[in-house]
Amino acid sequence: MKYPPSERNSADPFELEGAALQNPGKRVLALNSAYVEGGISADELTTYGEISAIGLQIGSQLDPWDARLSDAGGSVIALNGATVTRGV
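## Side note on the sheet that holds strand β3 (residues 35-36)
Part 1 of the reasoning: The strand order across the open sheet formed by three strands is β3-β6-β10, and the pairing between neighbours is parallel. If you trace the sheet from one side to the other, it starts and ends with β3 and β10 (83-84), each paired once.
Part 2 of the reasoning: Of the strand pairs in this sheet, β3 and strand β6 (residues 57-58) are connected by two bridges, and their pairing is parallel. Looking at the pairing, Y35 lines up with Q57 of β6.

## Points about the layout of surface pockets
Part 1 of the reasoning: By volume, the largest pocket amounts to about 180 Å³.
Part 2 of the reasoning: If you go around the largest pocket, you meet 16 residues; those closest to its centre are A42, L45, I51, L62 and I77.
Part 3 of the reasoning: Class assignment of the residues belonging to the lining of the largest pocket gives a composition of 16 nonpolar, no polar and no charged.

## Concerning the sheet that holds strand β7 (residues 62-63)
Part 1 of the reasoning: An order of β1-β4-β7 is seen for the three strands of this open sheet, with the pairing classed as parallel. The sheet terminates laterally at β1 (14-15) and β7, the two strands that pair on one side only.
Part 2 of the reasoning: Here two bridges tie strand β4 (residues 40-41) to β7, and the two strands are oriented parallel to one another. In the sheet register, I40 faces β7, and the bridge partner there is L62.

## Some thoughts on the side chain of D71
Part 1 of the reasoning: Its location among the elements puts D71 in the loop between β8 (68-70) and β9 (77-78).
Part 2 of the reasoning: Buried and unpaired, D71 has R27 as its nearest opposite-charge partner, separated by 9.3 Å.
Part 3 of the reasoning: A polar contact is formed between the side chain of D71 and the backbone nitrogen of G25, at a distance of 3.1 Å.
Part 4 of the reasoning: Not counting residues up to four positions away in its chain, the partners in contact with D71 are P24, G25, Y48, G49, E50 and V76.

About the thresholds
Residues numbered from 1 in each chain as written. Predicted model: local features only at pLDDT ≥ 70, side-chain atom pairs only at ≥ 80, totals over all residues. Heavy atoms only, no water. Pairing = 2+ DSSP bridges. Helix = DSSP H or I, 4+ residues; strand = E, 2+ residues; numbered from the N terminus. 1 Å grid on protein atoms, 1.4 Å probe; cavity = no way out; pocket = protein on both sides within 12 Å on 5 of 7 lines; lining within 4 Å. Points joined across faces, edges and corners; volume = space filled by probe spheres on them. Nonpolar A, V, L, I, M, F, W, Y, C, P; charged D, E, K, R; others polar. Buried < 20%, exposed > 50% of the residue type's maximum accessible area, 1.4 Å probe, protein only. Lys, Arg positive; Asp, Glu negative; His and termini not counted. Salt bridge = Lys/Arg side-chain N within 4 Å of Asp/Glu carboxyl O. Polar contact = N/O pair within 3.5 Å; in protein donor to acceptor, adjacent residues only side chain to side chain. Contact = heavy atoms within 4.5 Å.

As structure tokens, this is what we get:
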């Protein structure tokens, strides 16, 4: 579900759908200690590097449908202490 910026509210999902993030061997996205009320939509997300989401709180779902995450020799995603209220 995509909305123009003027029509978004805090309950809308954080959209990463179709994004391609690259930073080999390093962090591609940092969401440490963040709160995302509307969930995270990561359909077809492609990463080469680490997603750091330590202590992340998601008020709805984390949806990584068809995501491709890689980081040669390192962690792909760090979710230590994270909470996803409505599941993955």
